[in-house]
Every structure is written in structure tokens, then in C-alpha cells.
Amino acid sequence: MSATLTPLNPANVQGDILVGLPKKVQHYLFFQIDNDVTSFRKRLGLLIPLITTTAQVQDDRAKISANKEAAAKEGKAPELLKLSGVNIAFSQFGLTKLGITDNVGDTAFVEGQLKDSQNLGDAGTTDAQGNFTPDWLPAFKNQIHGLIIISGDSELTVSATQATVMAIFNIGIHITLHEVTTLKGVVRPGAEKGHEHFGFLDGISQPAVKEFDTKPNPGQETVRQGVILCGRENDVDANNNNTPFVRPPWALDGSFLALRYLFQLVPEFNTFLTQSADPTTGLSSDLLGARLVGRWKSGAPVDVFPLQDNPEAGTDPSQNNNFRYDFPDDQQTQDRCPFAAHTRKTNPRADLEDLNISTESRRIIRRGVQFGPELTPAEISSGKTIEQRGLIFAAYSGSITNGFQFVQHSWADNTGFPINKPVTPGFDAIIGQNGNGPRSLSGANPKNQSATLALPANWVVPKGGEYFFSPSIPALRSTFALA
Ligand code: HEM
């Protein structure tokens, strides 16, 4: 790709990547392309004007803020603006189906997530020939060609947009796109808004993108554009001495998307916290939960607030990301934060940076949304999951191998990570995986840090997923669609 690039144009980049489609409801429509590929490509040309760009999302978000401000002035709760967004991404199967033969330059993407599932630590079975099959839902064992993301203020709006999208691809008996499955995400209600199903505020720590997010919050790290967008500055392979990735020209301003359908066993997780608490040493179930995540439910980081929650700081962007695990006692003790806390495993900050190991190319931008209902009284009283709920995890980066795959496999699943610690950190209790094998971590109890806490179950259970490439708008026009 050319070294002299024009500055990033937000009208060229799909809107979910750098800003995030605004949503209360979000559908993920996984599809296969029909054998009449030419017709599909022509219909795709008709969809392009409906695709929400970064510039449009910036505009929508400005309208949402203005609406909130106007309502606040009148002392009213704001009414939701009717908004809808559409983005599209393709898997390697999709590229092949479309006859796009260029190698986009990411081995995990080319192989697909089903083949990567054992390497990610997913539970499953291995047959006599040594072939591994993960415990995924059947839909995700199909070849999925692509994904359409549809977001909006309500189920009604999103369903209507989905119907419009389907009507573009499928007219009467002339079908060019088959739905494999649609996952329906919904933001949690009321005070739980922004919190994932275990109850913790999510979406706080995201990398700022250089020359795009120009006002990072205190503690928020800025990454060069190529960490998120292909073909931009520092689009390099951190797993191979930072060698520049070789990409086809149309990959410029596209981004890879790791999509995971993650079920969460919330009553079981809560029971575990209650049973493992040790009030005689001051370890309440709330503190234990906060230490497993690295943040209190409010969002307040345990590195700064190790023993007591601080709800005000949890939601304050000037405070809630302003930490590096670099207090004098942080590197060798787990007084403040366990080495294996979820946030520390997935972004170890000073643990590596102070060893002069850059974490820039490991950063991902997390979008995604919760799915499923709130806990029912029957689930609360029985302590058993009855309804399906969890997180549709979606992470963008300029490379799956450097980003999501590395964070899951080499950090969360790796008991020796972070390195150079006096005790073995163990698994990330939230997402670390060991196939069908056992998991544990150290440092759960600050008063007994070398003790190992057995994790008797996986409370986050992957049920499917795929790797996608989210092309730029110019690439959709020039390479994917037909006029
Ligand atoms: C159901 C599964 C998951 C749950 C419940 C969960 C929950 C959370 C929560 C509560 C936070 C703290 C809020 C924040 O800093 O934004 C967080 C941060 C984060 N999570 Fe997850 N997460 C899940 C899956 C994953 C997966 C699969 C990955 C990647 C392999 C991941 C990577 C991250 C990263 C990179 C951060 C930010 C860490 C930081 O910069 O401090 N998460 N997650």
C-alpha cells in the first residue's frame, strides 16, 4: 500500500468501527450469498447508500447530545430519537464466494474462527481422527459469508430496517442472500444501562485513535491509526518484528471484526462469588467480583480504589481510566489488583510497557451488545440459568492475529501472563479458557495472595462466532459491489 496517504476521511469508514453505531437494540444478521453472485453484487450496490459511515455516526451522536441537553434544560427526561444504522462485513468464505482472490493479510481471518476455536480455548470434542469440534450452536458451524449489523433506538426501528435490507437483496423469488441466523442484542434497562449481565459497567476503556480521537481522557492511550484501520500508520505485524502487513489496495480503511456469541451464566457466577467470599479476611462477594474483573460494578478501577467502591469515579471519564498498574506495590504484589484480573489480562498497561514491551498493536476497539432478559425470580431463587443471556462480543482491529486472537490465546488463557510476577497469575476468571480442563487464579484474596482460587465453571461460554472484514465505503463500491 502506498506510503503517501491522504488523511483519514470519516465518510470512507464504516460507522461502527471508530465511533460505534448508537443503539438500544442491535441485530447481527449472519448471511450466505446465493449462487447468483452477480445479482448479489448488484444489490450490494443498492445497499451502499444505506450504510452508515463514521461521518454520519458523528452527526447522529451530535443530535443525541443536543436532544439530551435540550431535555435537561426543560427538566425532562429525553425522548429517544428514532435512529437506525447499517454496517456490513465479510468473512474469508464471503470473499472467496465473491471471487475476491487477494489475500487480505491476516491468517486467523483467512482460516476462520471455527478452525481457530481450539486455539482460543473453547470447549469441544475431538474425534478419533483428531478433528476438534467446539460446543457451538449448529448455525455457526455453517460457512458464514457475511454479517449485516443493524442498530437503532428500538426493536421496531431495527426490525423495519432489517426488512428494508432484506428487500434490497431478495425481491420476490429472486433471492441473493440467505439468512443463517440473526442475533438480537439489547442494551440492559434502567440503571443497568451500559452494564454487562454480570453487572459491571462496560465499554469504559477503549484506545483513542491518533488524529481522530483528539481529546483522550486521562489515562486513555492513543494508538496509531493502523492499529485499527488497515493500510494506515503502524499497520504492522507485532507477532513478526513489526513487519508491515502486505494488503491489497482495497483493504485501506477497512478493519477486521472478531465476533463472538458469548453466553453468561449469571446466577451461577453470583453463587460462586457468595460462596467464595471470606468475610473474616474482609473479602466480600462484591470485592471478590471487583478483583476478578479489575473494576467495581460501578466502573471504578480496583487499582485506584482497592478496598472500597467509588461510584462517582466509576462513571467519571476523567477518573475511571486513569491508572496503569504502576503504584509502587503493583508490580510484585496483588494488594490492589490481581495479576489475572480481566482488565489487567486484556490490557496489562505498565506490566509490559515498563518492561519496554509495547502493547499498542494489541489494542482492540470493543463494540457489541448484551443479549437476553434480566434475571427472572426463578433464576434468582434457584441459582440456575434458565433464560439465555450474555454478550455479543464485537472487537475491531487492524489484525485479528495481533489483536483479539492474541489477547484471548496468549494473555487471557495463558496462566503465566502477565510475565515476571512472583506467583503464577492464572486464568482470566471472566474469559480465560482451558478447553474442557480446569481453571484457577491467584491473588483473589488480597490477604492471602499466593493462595489459588479454583474456578469450578466457565461462566462465559462461547456458542459461536466468526472473523469478518469491514471494508471501507470506496472498497465496497470498487471491489465488492457491481454498479
Ligand atoms: C461475556 C464476556 C465478557 C465480559 C462480561 C466482559 C466484561 C468486561 C468489563 C466489565 C470490562 C471493564 C470495562 C472497561 O474497561 O471497558 C472489560 C474490559 C475489557 N475487556 Fe472484556 N468482557 C468480556 C469479554 C471480553 C473478550 C472476549 C475480550 C477479548 C479477548 C475482552 C477484552 C476486554 C478489554 C481489552 C477490556 C479493556 C481493558 C482495559 O483497557 O483496561 N473482553 N470487559
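Residues numbered from 1 in each chain as written. Predicted model: local features only at pLDDT ≥ 70, side-chain atom pairs only at ≥ 80, totals over all residues. Heavy atoms only, no water.

**Description of the site of the ligand**
Rule in force here: When we say a residue is near a molecule or strand, we mean one of its heavy atoms is within 4 Å of it. Residues adjacent in sequence count toward polar contacts only when both atoms are side-chain atoms; beyond that, a polar contact is any pair of N or O atoms within 3.5 Å, and within protein one must be able to donate a hydrogen and the other to accept it. Strands here are runs of E lasting at least two residues and helices are runs of H or I lasting at least four, both read from the DSSP assignment and numbered beginning at the N terminus. Three classes are used: nonpolar for Ala, Val, Leu, Ile, Met, Phe, Trp, Tyr, Cys and Pro, charged for Asp, Glu, Lys and Arg, and polar for all others, with Gly counted as polar.
By nearness alone, 27 residues border the ligand, and I204, S205, H342, R349 and R366 come closest of all. S205 places a side-chain nitrogen or oxygen 2.5 Å from an oxygen atom of the ligand. Secondary structure elements with two or more residues in the shell around the ligand: β13 (255-264), α11 (342-346), β16 (390-397) and α14 (404-412). Taken together, the residues of the shell around the ligand sort by class into 13 nonpolar, 8 polar and 6 charged.

**Notes on the side chain of K345**
Note the threshold: Two residues qualify as a contact provided that any one of their heavy atoms is within 4.5 Å of a heavy atom in the partner residue.
Here K345 lies in helix α11. Within the structure, the side chain of K345 is placed 2.7 Å from the backbone oxygen of F417, a separation counted as a polar contact. Once residues within four sequence positions are removed from consideration, K345 is found in contact with F339, A340, W411, A412, N414, T415, F417, G426, F427 and D428.

**Notes on the packing of helix α8 (residues 266-276) against helix α9 (residues 285-293)**
Heads up, the rule is: Fitted lines through C-alpha atoms serve as axes, helices being fitted only where they are in contact, and the angles separating the N-to-C directions of these axes extend from 0 to 180 degrees. Here a crossing is called left-handed whenever its near helix is offset anticlockwise from the far helix by less than a right angle, and right-handed whenever the offset is clockwise.
Running from amino to carboxyl end, α8 crosses α9 at an angle of 115°, the nearest separation of the two axes being 8 Å. As for the relative orientation of α8 and α9, their crossing is right-handed in sense. Taken together, the residues of α9 that come into contact with α8 (itself represented by F269, F272, L273, T274 and S276) are S285, L288, G289 and L292. For the contact of α8 with α9, the per-class residue count stands at 5 nonpolar, 4 polar and no charged.

**What about the side chain of N347?**
Counted only if it meets this: Working definition: with a 1.4 Å probe on protein chains only, accessible area under 20% of the residue-type maximum means buried, over 50% means exposed, and in between means partly exposed.
Tracing the backbone through its elements, the reader meets N347 in the loop between α11 and α12 (350-353). The buried category is assigned to N347, whose relative accessible area is 7%. If near-sequence neighbours (up to four positions away) are discounted, N347 is found in contact with S205, E221, Y325, T359, R363 and W411.

**Comments concerning the coordination of the iron atom of the ligand**
In plain terms, the rule: Sites may look incomplete, because water is not among the atoms used; the donor set itself consists of N, O and S atoms within 2.8 Å of the metal (3.2 Å for Na, K and Ca).
Inspection of the coordination sphere of the iron atom of the ligand shows a single protein donor, H342 (NE2), at 2.1 Å. Among the structural elements, H342 can be located in helix α11.

**Notes on the environment of T271**
Among the secondary structure elements, T271 is positioned in helix α8. Here T271 falls in the partly exposed class, since its relative accessible area comes to 31%. Residues T271 and I380 lie 109 residues apart in sequence; the distance between their C-alpha atoms is 9.7 Å. Within the structure, T271 has its side chain in polar contact with the backbone oxygen of P267 (distance 2.9 Å).

**Focus: the environment of I357**
Take I357: it is sitting in the loop between α12 and β14 (365-366). The class of I357 is partly exposed, set by a relative accessible area of 35%. Setting aside anything within four residues of it in sequence, one finds I357 in contact with L352 and I419.

**Overview of the pattern of salt bridges**
Where we set the bar: Any carboxyl oxygen of Asp or Glu within 4 Å of a side-chain nitrogen of Lys or Arg constitutes a salt bridge here.
Taken as a whole and judged by the stated rule, the model has 21 salt bridges. In this structure, the salt-bridge partner of D354 is R324, at a minimum N-O distance of 3.3 Å. Placement of D354 in the loop between α12 and β14 and of R324 in the loop between α10 (311-314) and α11 is noted, with a sequence separation of 30 residues between them. Using a relative accessible area of 28% as the deciding quantity, one classes R324 as partly exposed.

**Concerning the packing of aromatic side chains**
The cut-off we apply is this: Any pair of Phe, Tyr and Trp rings, taking the six-membered ring for Trp, is counted once the centres come within 6.5 Å. Such a pair is stacked with planes under 30 degrees apart, edge-to-face with planes over 60 apart, and tilted for the rest.
Inspection of every chain in the model, using the stated rule, returns 23 aromatic pairs. Between F40 and F169, the aromatic rings sit 5.1 Å apart at their centres with planes inclined by 15°, giving stacked as the arrangement. Residue F40 is found in helix α2 (residues 37-47), and its partner F169 is found in helix α7 (residues 155-169); the two are separated by 129 residues along the sequence. Classification of F40 as buried rests on a relative accessible area of 0%.

**Some points on the UniProt feature "domain: DyP dimeric alpha+beta barrel" (unreviewed entry) in the protein chain**
Rules: UniProt positions are given in the numbering used here, feature names are shortened, and annotations may be inferred rather than shown by experiment.
According to UniProt, the feature "domain: DyP dimeric alpha+beta barrel" (unreviewed entry) maps to residues 12-189 in the numbering used here. A helix fraction of 37% and a strand fraction of 24% characterise residues 12-189, whose end C-alpha atoms lie 33 Å from each other.

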